[in-house]
Every structure is written in C-alpha cells, then in structure tokens.
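Residue-level structural notes
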Amino acid sequence: ADDRASHTALRRIRVSGGLVAVHDEALGRDWRLEGIALDILRAEQGGLSGDGEAVLRTPGATVPVHLSGEARAEPQRLTARLDLPVLRPAEIARIWPEAAALEALDAPLAIEVTAEMDAAATPRGIALRLAAPQGGRLAGLPFDGLEARLTARPDRLDLESARIAQGGRALDASGTLH
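The text that follows walks through the structure, step by step, so that each part is easy to find. Keep in mind it's a predicted model, so treat the numbers as computed, not measured.

This part is about the pairing of strand β3 (residues 48-57). Across nine bridges, the pairing between strand β2 (residues 29-42) and β3 is antiparallel. Note on β3: the bridge partner recorded for L33 is L56. When β3 meets strand β4 (residues 62-72), the two strands line up antiparallel, connected through ten bridges. The residue bridging S49 from the neighbouring strand is E70, located in β4.

Written as structure tokens, this is what we have:
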C-alpha cells in the first residue's frame, strides 16, 4: 500500500488539552494558551481550517478565548485568529500593559486579533479589531458605538477604519503610517 495515500484519507484532528507557550522577545513577556480544545479539518479542495477554545494566560491575567484559523496551499499562508471575551479597558491593560491608553474608554470592548504568516511561519501582518457596540464614554464624553480596524505589517501601520457614533452622527477616520 502507498503510505502517502493513507494520510490523505485523514479529514479531522481533535486536539484536547493542548498548550502553546511563546516568549515574546520584543515585549519581554511570556504568553500561554492552555487547555486548548481545537478541531482541525481538511477541506476537500485542500487546505486546513481550525476552530476551538483555550485559556490565555499572561503575567497579569487569565481569560478564556476563541481560536480559529486556516492554512492555504496557494499561496502558502497560515491565518490564526484569537477572539477575547468582552472586557473592560482595565482588564485589557492587565493582559497587554501597552494597551493602558484604552483606559480613556469607559466601555466594554470586544477584541479580535488575526495574524497572517507565510509558509516559514514568518509574520506578514497582524490585524486588530476593537468594538464597543453598546456605547460608553470616551474621556468622559458619551458615545453610542465605536469600532476600529488596524493592520500592522513589517513596513507600515494601517488604520483601515475607525468610527465613533453619537446621536445619529458619526466620525470616521482611516490612514497609514509608513
């Protein structure tokens, strides 16, 4: 029998109790995803997709997270997404101290972080989405909703969109920092 043929029949892998530990040299911090429960599926037309849950543990906080991702063959790309539960800015700052400026917001925030890597697992970009759809206060001023999407690449930072709404009016912004 052909050994290659046997692995192509594999359609699903279930990871239970997994662990990913990362030492972030740039920030001088350790990150851990613990208790990973992840289903990885192989698509008929090629590629992989995954979906699951884990606990993110940092020196300042422990929070449950949702994980998802996909791997494509042409071009070879790996995309990984981490969704945090709705948190207050002070809770976010315990996870990422660099996000302490968010404490100017008095609103529950939903956060999605997506990383794209090439075949050698070299990061090609990190996207961040922040949303406060229930409204809140920014520097003491009320707002009805807020959403921002940023993408960081090795050579630039893009504010793809930002919107803050209040009383039927909205302020929109976008831009690039090279």
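Moving on, we get to the sheet that holds strand β11 (residues 145-153). Pairing between the strands of a sheet comes from backbone hydrogen bonds, and it takes one of two forms, parallel or antiparallel. With antiparallel pairing, ten strands are arranged side by side in an open sheet as β1-β2-β3-β4-β5-β7-β8-β11-β12-β13. Because the sheet does not close on itself, it has two edges, and the strands there are β1 (12-24) and β13 (169-177). Looking at each pair of strands side by side, their axes are set apart by 15 degrees on average, direction ignored.

Further remarks concern unusual backbone geometry. Non-glycine residue A121 carries a positive phi angle of around 65 degrees. As for its placement among the helices and strands, A121 is situated in the loop between β7 (109-118) and β8 (123-132). For A139, which is not glycine, the phi torsion reads 50 degrees and is therefore positive. Along the chain, the position of A139 falls in the loop between β9 (136-138) and β10 (141-143).

Take the packing of aromatic side chains next. All told, the structure shown has one aromatic pair when counted by the stated rule. When the ring of W31 is compared with that of W96, the centres are 5.8 Å apart and the planes differ by 45 degrees; the resulting orientation is tilted. Of this pair, W31 sits in strand β2 while W96 sits in the loop between α2 (89-95) and β6 (105-106); the two residues are 65 residues apart in sequence, bridging distant segments of the chain. By the burial criterion, W31 is buried, and W96 matches it.

To continue, consider the pattern of salt bridges. Applying the stated criterion across every chain yields a total of 17 salt bridges. Across the pair R156 and D158 runs a salt bridge, and its minimum N-O distance is 2.9 Å. Residue R156 is classed as partly exposed on the basis of its relative accessible area, which comes to 31%. Exposure remark for D158: the relative accessible area of 7% places this residue in the buried category. With its nearest N and O atoms 2.6 Å apart, the salt bridge here joins R163 to D172. When its relative accessible area of 44% is taken as the criterion, R163 is described as partly exposed. In this structure D172 comes out as partly exposed when scored by relative accessible area, which is 46%. Linked through salt bridges whose partners overlap, the residues forming this network are R81, D83, E112, R129, E147 and R149.

Within soluble globular proteins, side chains that are nonpolar generally end up buried alongside one another. Core analysis: the largest hydrophobic core is formed by 26 residues, its most contacted members being L33, V65, L84, I92 and I95. Looking at this core, the elements that each hand over two or more residues are β2, β3, β4, β5 (77-87), α2, β7 and β8. Counting residues per element, this core draws most heavily on β2, at four residues. If sequence neighbours within four positions are ignored, I92 has contacts with L87, A99, L102, L109 and I111.

Take the sheet that holds β10 next. Strands sit in the order β6-β9-β10 across an open sheet of three strands; the sheet is antiparallel. Both edges of this open sheet fall to β6 and β10, since each of them pairs with a single strand only. Sheet analysis places β9 next to β10, joined by three bridges and oriented antiparallel. Bridged to L138 within β10 is L141.

Calculation rules
Throughout this description, residue numbers start from 1 for each chain and increase along the sequence as written. The predicted nature of this model means local features are confined to residues of pLDDT at least 70 and side-chain atom pairs, given and counted, to a pLDDT of 80 or more, with totals for whole chains, interfaces and linings taken over all residues. Hydrogens and water are ignored here; the side-chain numbers use all heavy atoms of the structure. Two strands are said to pair when DSSP picks up at least two bridges between them. Comment: elements are numbered from the N terminus, with helices defined as DSSP H or I runs of at least four residues and strands as E runs of at least two. Axes here refer to lines fitted to C-alpha atoms; in helices the fit is confined to the stretch in contact. Angles between the N-to-C directions go from 0 to 180 degrees. Stacked, edge-to-face and tilted are the three classes for Phe, Tyr and Trp ring pairs, Trp counted by its six-membered ring, which pair at centre distances within 6.5 Å; planes under 30 degrees apart are stacked, over 60 edge-to-face, the rest tilted. Between buried and exposed lies partly exposed: a residue is buried under 20% and exposed over 50% of the maximum accessible area for its type, with that area taken using a 1.4 Å probe on protein chains only. Salt bridge, as used here: a side-chain nitrogen of Lys or Arg that lies within 4 Å of a carboxyl oxygen of Asp or Glu. By nonpolar core we mean a set of buried residues, namely Ala, Val, Leu, Ile, Met, Phe, Trp, Tyr and Cys, connected to one another through side-chain atoms within 4.5 Å. Note on definitions: a residue-residue contact is assigned when non-hydrogen atoms from the two residues lie within 4.5 Å.

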